[in-house]
Amino acid sequence: MPYIDKLSALCREYECEIKTDEPLKNHTTFRIGGNCRAMVYVNSAESLLAFLSFLKTENIRYFVLGRGSNIIAADEGFDGVILKIGRDFSEIRLLNETDIFCTAGASLMDVCLFALENSLEGIEFAYGIPGTCGGALFMNAGAYGGEVKDIIKSAHYIDSTGKICEIQPEEMSLSYRHSLFAEHTDYVITDMIFSLKKGEQSDIKAKMDDLMERRRTKQPLEFPSAGSTFKRPEGSYASLLIEQCGLKGLSVGGAQVSTKHSGFVVNTGSATCGDVLELTEKVSRIVKEKTGFELELEPLLLK
Ligand SMILES: Cc1cc2nc3c(=O)[nH]c(=O)nc-3n(C[C@H](O)[C@H](O)[C@H](O)COP(=O)(O)OP(=O)(O)OC[C@H]3O[C@@H](n4cnc5c(N)ncnc54)[C@H](O)[C@@H]3O)c2cc1C
């Protein structure tokens with residue numbers, strides 16, 4: 001029996017949705033990417049365990065995808081299975097006065113709103129970061145002086161042998177846009193606890209509104225992108241270096257260095273992965289030649 005039929009049967013057993021030949025561009029904020037062979041919408045840790053076990057036994061390539069907000073997907077697509085950890089696996093609940101439990105597919109923005117509802121402060125920095133909690137922990141996402149590292153209390157993940165493990169922050173190797181999970185891409189995060197503090201609801205709301213307003217005025221949110229295209233190099237800022245080199249507005253095909261914020265490469269409508277990679281390579285090369293700084297891509301390539 002072809003593996004897709006077996007996978008479909010497993011999806012029926014665990015009541016998970018499956019789509020075949022699904023365009024990745026519909027699952028990345030860049031709106032780029034060819035088709036994957038199949039996309040499975042994970043709905044629980046149990047179903048995730050079963051899919052991982054099946055895919056490993058059958059030796060089938062797979063990739064764990066959250067919201068796809070930090071991904072550049074190849075034009076050729078992905079010849080394997082995408083395990084989509086999103087809306088179907090997105091529980092958020094209060095554990096006690098100050099701790100929030102959420103499963104990996106929960107939207108980080110929804111967790112921020114849930115914290116606001118419960119007058120909990122500490123996660124306001126994340127309001128405006130699109131993506132899931134799993135993706136945010138993987139990336140140690142951060143903004144405006146805060147990062148996931150500051151609020152994570154513990155997490156669970158499935159290791160390469162299919163065991164569910166608990167992990168504490170000091171074991172997560174959290175640093176600027178980095179975590180242990182980026183070193184072990186065979187680990188899959190299932191849930192986590194954020195530890196926050198009781199605060200004044202009106203102050204929390206004011207801070208969230210202010211940060212969202214700053215994003216709206218500074219970032220090119222009107223175009224598809226994967227957020228900041230380059231990591232912040234030691235001792236400078238990618239956007240500053242790109243601007244100093246006169247590269248604002250530079251285009252390759254449908255990919256453009258945003259005219260609003262030069263740290264973002266945007267899709268002006270018809271960009272391919274090839275356009276984005278050609279543009280980012282060009283930008284990195286010129287910045288290196290003119291300033292000596294090395295720019296490293298922040299989004300991950302899915303191919
Ligand atoms: C407009 C815009 C603004 C942004 N602003 C910010 C910002 O201010 N700060 C910031 O840090 N980022 C920012 N980003 C980038 C992005 O939103 C974050 O990196 C986000 O945390 C990624 O989450 P995701 O669910 O989309 O992950 P994805 O992009 O789907 O995946 C990213 C990586 O995480 C892995 N992953 C996802 N879920 C799991 C899981 N459950 N277990 C194991 N691995 C997993 C994937 O395999 C992949 O390697 C921005 C992006 C956009 C488009």
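Everything below is about the structure printed above this text.
Residues numbered from 1 in each chain as written. Predicted model: local features only at pLDDT ≥ 70, side-chain atom pairs only at ≥ 80, totals over all residues. Heavy atoms only, no water.

Student: Where do I start with the packing of helix α3 (residues 108-117) against helix α6 (residues 201-218) in this structure?
Tutor: A packed helix pair is summarised by two numbers, namely the angle formed by the two axes and the spacing between the axes. It is the contact of α3 with α6, at a shortest axis distance of 9 Å, that shows an interaxial angle of 150 degrees. For the element pair α3 / α6, the angle class is roughly antiparallel. Across from M109, C112, L113, L116 and E117 in α3, the residues of α6 making contact are Q201, I204, K205, M208 and M212. Its residues placed into classes, the contact of α3 with α6 shows 7 nonpolar, 1 polar and 2 charged. (Axes fitted to C-alpha atoms, helices over the stretch in contact; angles between N-to-C directions. Helix = DSSP H or I, 4+ residues; strand = E, 2+ residues; numbered from the N terminus. Parallel < 35°, antiparallel > 145°, perpendicular 65-115°, else oblique. Contact = heavy atoms within 4.5 Å. Nonpolar A, V, L, I, M, F, W, Y, C, P; charged D, E, K, R; others polar.)

Student: Hey, could you run me through the packing of aromatic side chains in this one?
Tutor: Two aromatic rings, taken as a pair, are described by how far apart their centres are and by the angle between their planes. The full count for this structure, using the stated rule, is 3 aromatic pairs. Ring plane angle 75 degrees and centroid distance 5.6 Å describe the contact between Y157 and F181, whose orientation is recorded as edge-to-face. Here Y157 is found in strand β11 (residues 152-158), whereas its partner F181 is found in helix α5 (residues 180-183), with 24 residues between them in sequence. You'll find Y157 and F181 in the same group, each marked buried. An aromatic cluster is present here, built from Y157, F181 and Y187 joined pairwise through their rings. Taking the ring centre of F101 as reference, the NZ or CZ of R93 above it sits at 4.4 Å. In this structure, R232 packs its charged tip against the face of Y176, placed 4.6 Å from the ring centre. (Phe/Tyr/Trp six-rings, centres within 6.5 Å; stacked < 30°, edge-to-face > 60°. Buried < 20%, exposed > 50% of the residue type's maximum accessible area, 1.4 Å probe, protein only. Lys NZ or Arg CZ within 6 Å of the ring centre and 35° of its normal.)

Student: Could you clarify how one ought to interpret the layout of surface pockets in this entry?
Tutor: What the second largest pocket holds in volume is close to 160 Å³. G122, I123, E124, F125 and I151 are the residues nearest the centre of the second largest pocket, which is lined by 15 residues in total. Here the lining of the second largest pocket is built from residues that sort into 6 nonpolar, 4 polar and 5 charged. (1 Å grid on protein atoms, 1.4 Å probe; cavity = no way out; pocket = protein on both sides within 12 Å on 5 of 7 lines; lining within 4 Å. Points joined across faces, edges and corners; volume = space filled by probe spheres on them.)

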